[in-house]
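# Residue-level structure breakdown
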Amino acid sequence: MLCMICDDQKDELETVAKIVSEYAGEHPDLFLTTQCFTNPFDMLDEMDRSGAPDIAVLDICMPGVLGTEVAREIQRKSQDTADIIF
């Protein structure tokens, strides 16, 4: 699973999500699912329900929390197996 968070850049987030979805459609063997969030706390709540993502694309500056803090939480919950892209 790929999770993406982008603060105040909803258009950019939608563009990246579209590109990833198109790529996943061309490569069904990857079993790629994508979830997008504009609020980092929503993503953390979803991680509590569904588990940590395999890859997370994060902004550094997000509302109420730094992306580095979110990355640490993702790494903790994934036991350091998740890849983080800033």
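Refer to the structure above for everything that follows.
Let me sum up the structure you'll find in this document. The numbers attached to residues start from 1 for each chain and follow its sequence in the written order. In view of the model being predicted, local features appear only for residues whose pLDDT reaches at least 70, and side-chain atom pairs are presented and counted only at 80 or more, with totals across whole chains, interfaces and linings using the full set of residues. Excluded from the side-chain calculations are hydrogens and water; all other atoms, namely the structure's heavy atoms, are used.

Right, let's talk about the overall build of the protein chain for a bit. Check the secondary structure of the protein chain and you find three helices and six strands. Numbering of helices and strands starts at the N terminus; helices are DSSP runs of H or I of at least 4 residues and strands are runs of E of at least 2. Sequence-ordered secondary structure for the protein chain, helices as α and strands as β, is β-α-β-α-β-β-β-α-β. Only protein chains enter the accessibility calculation, which uses a 1.4 Å probe; a residue is then buried when its area is under 20% of its type maximum, exposed when over 50%, and partly exposed in between. The burial tally for the protein chain puts 33% of its 86 residues in the buried class. Per-residue and other accessible areas were derived by the Shrake-Rupley procedure at a 1.4 Å probe size, with only the shown protein chains allowed to occlude residues. Working note: accessible area of the protein chain is about 5,400 Å², and carbon and sulfur atoms make up 52% of it.

By this rule, a helix spans an expected 1.5 Å times one less than how many residues it contains. Under the 1.5 Å per step criterion, the end-to-end length of helix α1 (residues 10-26) is 24 Å for 17 residues, consistent within 8% with the ideal 24 Å. For α1, the set of buried residues is L13, A17, V20 and A24. Taken down its axis, α1 places every buried residue within 65° of arc, on the same side. Residues of α1 that are exposed and point over 90 degrees away from its buried face: D11, K18, I19, G25 and E26. Picture the helix axis, draw a direction to every C-beta atom, and the arc is the one those directions span.

Turning to its location among the elements, Q75 is positioned in helix α3 (residues 67-77). Those residues in contact with Q75 that lie beyond four places of it in its chain are D80, T81, A82, D83 and I84. The contact definition used throughout considers only heavy atoms, calling two residues in contact when any of these lie within 4.5 Å.

Criterion for a salt bridge: a side-chain nitrogen of Lys or Arg within 4 Å of a carboxyl oxygen of Asp or Glu. If you walk through the whole model with that rule in mind, you get five salt bridges. Ionic pairing is found between R49 and E46, a salt bridge with its closest N-O pair at 3.0 Å. Here R49 pairs with E46, and both are found in helix α2 (residues 40-50), just three residues apart, close to one helical turn. Under the relative-accessibility criterion, R49 is labelled exposed at 61%. Residue E73 is joined to K77 by a salt bridge in which the shortest nitrogen-to-oxygen separation is 3.6 Å. In this pair, E73 and K77 are both assigned in helix α3, four residues apart and thus about one turn of the helix distant. Put simply, D48, E73, R76 and K77 are held in one network by salt bridges that share partners.

Of note, M62 is situated in strand β4 (residues 61-62). Put simply, M62 and F41 are 21 residues apart on the chain and 9.9 Å apart in space, counted from C-alpha to C-alpha.

These figures come from the coordinates and say nothing about function on their own.
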